[in-house]
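Survey of secondary and tertiary structure
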Amino acid sequence: MGRKRQPGKQMAAQGQPQGQQGGQVHELLRPRRPVGTARSSHFFDGFPRFYETSHTTAFRDRLNLRYDAIFAENRAIFEGARVLDIASHDGRWSLAALETGAKSVVGIEGKADLVEHANANLAAYVEDDSRYTFYAGDVLDVLAREKIDVDVVMCLGFLYHTLRYNELMWRIRQLNPRKVIIDTQVHPRAKGPFVRMVLDKAGMQRDAIADDYSYGGLVLVGHPSVPAVRMMAKAYGYEVESFSDWGSLLRDNPTASDVGDYGDLSRVTLVLTPAEEGAGAA
Ligand SMILES: C[S@@+](CC[C@H](N)C(=O)[O-])C[C@H]1O[C@@H](n2cnc3c(N)ncnc32)[C@H](O)[C@@H]1O
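A look at the nonpolar core
Of all hydrophobic cores here, the largest spans 45 residues; its most connected members are Leu84, Trp246 and Leu272. For Leu84, the contacting residues outside a window of four places in its chain are Val106, Ile108, Leu143, Ile148, Val150, Val152, Val153, Met154 and Leu175.

What follows is the structure in structure tokens.
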């Protein structure tokens, strides 16, 4: 609250999704719920520490609408689930998973100070500390080392901070989750399975951590297109089951700020399911 906003991330034209092609709203942004039924739940107003313990887009409207897109729309997925939170940051989505019905959560986060925040935040809001565990370290190292039993994997805000997609997807496949929830920046509107190369700065809170393959404080990462995400899923036996209904959220919360990237198709929220069970969203 009262934070400086990211330039260029303001809500596009007061609630009007910008993902238009030839005057038509893109199918991913076409509202699917009746008008007025997708108003913000203001979830994080009940957990206000998260407005303060991160300076990575911890804006009130943004966090709350992300909660609605990732969790409220997928409530059934979390019921009784053991959840893995990849890039768990200050624990905001681990807490959200527990509050949405998850039995337990394991978070992996590369920055030790953020893991401290996550532990303090969950201690403040969750009575039973056996329900959460946070590991500090590179997500791929921790997954290679630890035995973690999961039903649901959350990969939120991470797919654009790595290029090591085959390792990541292979590790996820080994865990055999029944659902994988992805929230990611994407290479917008690309029709093919492309990945745009980007350089992250390892010192930034929001960015990739340095690893064995990075050099000079820079980390080569990628922004995959939606078809590229589909291909990654397919290569490891998953498929896209659903996209969250950002069209309705943007329509029903027209004054929400800092969510413009969801409105111009440069960010999406989706659920993967094992291919043999998938509904196969086209
Ligand atoms: C953009 S933030 C996303 C935070 C949160 N998951 C969300 O969606 O709001 C990216 C997070 O990934 C973490 N991160 C980046 N590279 C990592 C890696 N290789 N292993 C573990 N964490 C990493 C960063 O430290 C940062 O907390």
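Structure shown, so let's carry the discussion forward.
Considerations on the pairing of strand β5 (residues 132-136)
Here is the key point about a regular strand: its side chains alternate between the two faces of the sheet. Across five bridges, strand β4 (residues 104-109) lies against β5 in parallel orientation. Its bridge partner lying in β5, Gly107 is registered against Phe134.

Remarks on the packing of aromatic side chains
In the structure shown here, the tally under the stated rule is 12 aromatic pairs. Note on Phe43 and Phe44: the rings are 5.0 Å apart at their centroids and 85° apart in plane angle, and the pair reads as edge-to-face. Given a relative accessible area of 13%, Phe43 falls into the buried group. Given the relative accessible area of 0%, Phe44 is considered buried. On the basis of an interplanar angle of 35° and a centroid distance of 4.9 Å, the ring pair of Phe43 and Phe47 is categorised as tilted. Each member of the pair, Phe43 as well as Phe47, is classed as buried. One aromatic cluster is present, built from ring pairs that chain together Phe43, Phe44, Phe47, Phe50, Tyr67, Phe71, Phe78, Trp93 and Tyr125.

Some remarks on the sheet that holds β5
Sheet strands pair by backbone hydrogen bonding; their relative direction is either parallel or antiparallel. Taken together, the seven strands give an open sheet; going across it, the order is β5-β4-β3-β6-β7-β11-β10, and neighbouring strands pair in mixed fashion. Sheet topology places β5 and β10 (238-243) at the edges, where each strand pairs with a single neighbour. Between one strand axis and the next, the sheet turns by 20° as a mean value, whatever way the strands run. Two strands pair when backbone bridges link them, and strand β3 (residues 82-86) and β4 are joined in this way by five bridges, in the parallel orientation. Opposite Ile86, over in β4, you have Ile108 as the bridge partner. Its contacts with the sheet place helix α3 (residues 92-99) against β3, β4, β5 and β6 (152-156), and it is angled at close to 145° to β6.

A short note on the packing of helix α1 (residues 60-70) against α3
With their axes 11 Å apart at the nearest point, α1 and α3 run at an angle of 45° to one another. As the angle between them shows, α1 and α3 are arranged oblique. Crossing of α1 over α3 shows right-handed handedness. For the pair formed by α1 and α3, the contact residues are Leu63, Arg66 and Tyr67 on the first element and Arg92, Trp93 and Ala96 on the second. Of the residues that constitute the contact of α1 with α3, the class distribution is four nonpolar, no polar and two charged.

Quick notes on the confidence of the model for the protein chain
Taken over all residues, the pLDDT of the protein chain has a mean of 92, while the share at 70 or more is 90%. A low-confidence stretch, residues 1-16 stays under pLDDT 50, and its non-local contacts, those more than four residues away or across chains, total 40 contacts.

Description of a nonpolar patch on the surface
A cluster of nonpolar side chains, namely Leu163, Val195, Met197, Leu199, Leu218 and Leu220, defines an oily patch on the protein surface of about 500 Å² accessible area. Those elements giving two or more residues to the nonpolar patch turn out to be β8 (195-201) and β9 (218-224). Per-element accounting of the nonpolar patch gives the leading share, three residues, to β8. By the secondary structure assignment, Leu199 is in strand β8. Classification of Leu199 by relative accessible area gives exposed; the value is 52%.

Quick word on empty space enclosed by the protein
Under the defined criterion, the tally for this structure stands at one cavity of 30 Å³ or more. The volume enclosed by the largest cavity comes to roughly 60 Å³. Contributing to the lining of the largest cavity are Leu28, Leu29, Phe243, Ser244, Trp246, Tyr262, Leu265, Arg267, Val268 and Thr269. Here the lining of the largest cavity takes three residues from strand β11 (residues 267-274), the largest share from any one element. Tallied by class, residues from the lining of the largest cavity come to seven nonpolar, two polar and one charged.

Notes on helix α4 (residues 112-125)
Between its first and last C-alpha atoms α4 spans 20 Å; for 14 residues at 1.5 Å apiece the expected length is 20 Å, and the two agree. Among all positions in α4, only Leu114, Val115, Ala118, Asn121 and Leu122 are buried. Mapping the buried residues of α4 onto a view down its axis gives an arc of 125°, with all of them on the same face. Elements in contact with the buried residues of α4: α3, β4 and β5.

Some points on the site of the ligand
Not every one of the 23 residues close to the ligand is listed here, only the nearest: Ala87, His89, Arg92, Glu109 and Leu156. Arg66 is positioned such that a nitrogen or oxygen atom in its side chain is 2.8 Å from an oxygen atom of the ligand. In the environment of the ligand, an oxygen atom lies 2.6 Å from a nitrogen or oxygen atom belonging to the side chain of Glu109. Protein chains shield 97% of the accessible area of the ligand, which is 600 Å² for the free molecule. When each cavity is represented as a set of grid points, the ligand is found to reside in the largest pocket.

What counts, and at which threshold
- Residues numbered from 1 in each chain as written.
- Predicted model: local features only at pLDDT ≥ 70, side-chain atom pairs only at ≥ 80, totals over all residues.
- Heavy atoms only, no water.
- Core = buried A, V, L, I, M, F, W, Y, C linked by side-chain atoms within 4.5 Å.
- Buried < 20%, exposed > 50% of the residue type's maximum accessible area, 1.4 Å probe, protein only.
- Contact = heavy atoms within 4.5 Å.
- Pairing = 2+ DSSP bridges.
- Helix = DSSP H or I, 4+ residues; strand = E, 2+ residues; numbered from the N terminus.
- Phe/Tyr/Trp six-rings, centres within 6.5 Å; stacked < 30°, edge-to-face > 60°.
- Axes fitted to C-alpha atoms, helices over the stretch in contact; angles between N-to-C directions.
- Parallel < 35°, antiparallel > 145°, perpendicular 65-115°, else oblique.
- Left-handed = near helix turned anticlockwise from the far one by under 90°.
- Nonpolar A, V, L, I, M, F, W, Y, C, P; charged D, E, K, R; others polar.
- pLDDT = per-residue confidence, 0-100.
- Patch = residues over 30% accessible without salt bridge, like charges linked within 9 Å, V, L, I, M, F, W, Y side chains within 5 Å.
- Areas by Shrake-Rupley, 256 points an atom, 1.4 Å probe, with all protein chains shown as cover.
- Salt bridge = Lys/Arg side-chain N within 4 Å of Asp/Glu carboxyl O.
- 1 Å grid on protein atoms, 1.4 Å probe; cavity = no way out; pocket = protein on both sides within 12 Å on 5 of 7 lines; lining within 4 Å.
- Points joined across faces, edges and corners; volume = space filled by probe spheres on them.
- Expected span 1.5 Å × (residues − 1).
- Arc of directions from axis to C-beta.
- Near = heavy atom within 4 Å.
- Polar contact = N/O pair within 3.5 Å; in protein donor to acceptor, adjacent residues only side chain to side chain.
- Sits in = over half its atoms within 2 Å of the grid points.

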